[in-house]
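Chains, contacts and geometry: an overview
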Amino acid sequence: MVKETIYQHFRAEESTTVTELGTLIAQAQTEYRPILTHFLNPRERFIAETLVHEDNRVKLAAEGLVPNAERQRMLFYPDYYEPVLADFELALLEVKYPIKFATLKHSQILGALMNSGIKREVIGDIVTDGSRWQLIADQQFSRFLQTQIENVGRIKVRLSELEPSAVVIPLDEWQEEQVSVSSLRIDVLVAAVYHLSRNRAKELLNNKLIHLNWMLLDKPDHEIAVYDVVSVRGFGRFKLEEIRGLSKKEKIRVVVAVLKK
């Protein structure tokens, strides 16, 4: 069970995640065996790491198959256990499509996957080396996806499972930037990262175009924390990687990684 005092370290809306991860950690401890999570985003993994740090009777490992994967599965395990790749139950699926005649986008592939009826938590990263597209999925859903995904938009596709060693080296499209802001409010950061006015950032929120850690957000005063991922429709995504303290002008210096649309 998660200690009640732990919840105060996280947002109120994260309490369900804290409880679920705490339950899995307790299960690994009481049953003395490895327990696997679904795919977690960076903020969820930070929560898991914090919980494990509070109770060091359980260890953890994470794997997303792609180097520095954004979405990874975590394994909680007792001291005696040595995790191996197979424990994470990952499937590498390549999207076969007519490369010479069609162009795919990340959003299109993700849309096709979500339209199949599966939950986002069973899909890891979707990556490309510039021409080939691959996705990492929960092994249990590999066959289902191969039979269900036949189109991405109007493009005819086929999913083919490959050995994990065949994963492509993805293009590194994230660019690190340092910005100085008056606060960590989401409207302030969105405005600073995309060089918008505060009013424009609030409009995006009001129009339900901004997601925080893949959840719709409409509160401009919501504060961003390290490892949060913010998606802004029409602009791209960014994640808060580091808070570097105050500048001479009393601005908060932060490092963000930005993925352009």
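These remarks concern the structure in this document. None of the values given here were measured: they were computed from a predicted structure.

How each quantity is defined
Residues numbered from 1 in each chain as written. Predicted model: local features only at pLDDT ≥ 70, side-chain atom pairs only at ≥ 80, totals over all residues. Heavy atoms only, no water. Helix = DSSP H or I, 4+ residues; strand = E, 2+ residues; numbered from the N terminus. Buried < 20%, exposed > 50% of the residue type's maximum accessible area, 1.4 Å probe, protein only. Contact = heavy atoms within 4.5 Å. Lys, Arg positive; Asp, Glu negative; His and termini not counted. Salt bridge = Lys/Arg side-chain N within 4 Å of Asp/Glu carboxyl O. Polar contact = N/O pair within 3.5 Å; in protein donor to acceptor, adjacent residues only side chain to side chain. Pairing = 2+ DSSP bridges. Axes fitted to C-alpha atoms, helices over the stretch in contact; angles between N-to-C directions.

1. Considering the environment of Ser131
- Within the secondary structure, Ser131 is located in the loop between strand E5 (123-128) and strand E6 (133-138).
- Overall, Ser131 belongs to the partly exposed group, its relative accessible area being 30%.
- Sequence separation between Ser131 and Glu49 is 82 residues, and the spatial gap between their C-alpha atoms is 35 Å.
- Those residues in contact with Ser131 that sit more than four places away from it in its chain are Tyr97 and Ile99.

2. Description of the side chain of Arg71
- By the secondary structure assignment, Arg71 is in the loop between strand E2 (59-63) and strand E3 (72-77).
- Despite its burial, Arg71 pairs with no opposite charge, the nearest such side chain being Asp125 at 5.5 Å.
- Within polar-contact distance, the side chain of Arg71 engages the backbone oxygen of Arg120 at 3.1 Å.
- Apart from residues no more than four positions distant in its own chain, Arg71 is found in contact with Phe39, Leu40, Asn41, Arg45, Gly64, Arg120, Glu121, Ile123, Gly124, Asp125 and Trp214.

3. A short note on the pattern of salt bridges
- Scanning the entire structure with this criterion turns up 12 salt bridges.
- With its nearest N and O atoms 2.2 Å apart, the salt bridge here joins Arg11 to Asp228. One end of the pair, Arg11, is in the segment before helix H1 (15-31); the other, Asp228, is in the loop between strand E12 (215-216) and strand E13 (229-232), with 217 residues separating them in the sequence. Summarising the burial analysis for this pair, Arg11 and Asp228 share the class buried.
- Through salt bridges with shared partners, a single ionic network connects Arg11, Glu14, Arg43 and Asp228.

4. Notes on the side chain of Glu94
- Note on placement: Glu94 falls in strand E4 (residues 90-96).
- If sequence neighbours within four positions are ignored, Glu94 has contacts with Arg132, Trp133, Gln134, Arg158, Leu159, Ser160 and Leu162.

5. A few points about the sheet that holds E3
- With antiparallel pairing, three strands are arranged side by side in an open sheet as E1-E3-E2. In this open sheet, the two edge strands, each paired with only one partner strand, are strand E1 (35-40) and E2. Sheet twist, expressed as the mean angle between neighbouring strand axes with direction ignored, is 20 degrees.
- Pairing of E2 with E3, which is carried by five bridges, proceeds in the antiparallel orientation. Bridged to Glu63 within E3 is Arg73.
- Along the sheet, H1 contacts E1 and E3; its crossing angle with E1, the most-contacted strand, is approximately 160 degrees.

6. Brief notes about the sheet that holds E6
- Taken in spatial order, the four strands line up as E5-E6-E4-E9 in an open sheet, and their pairing is antiparallel. Two strands lie at the open edges of the sheet, namely E5 and strand E9 (158-162), each paired on one side alone. Direction aside, the axes of adjacent strands within the sheet are offset by 30 degrees on average.
- Across five bridges, E4 lies against E9 in antiparallel orientation. Directly across from Leu92, in E9, lies its bridge partner Leu162.

Take it as geometry only, folks, not as evidence of what the structure does.
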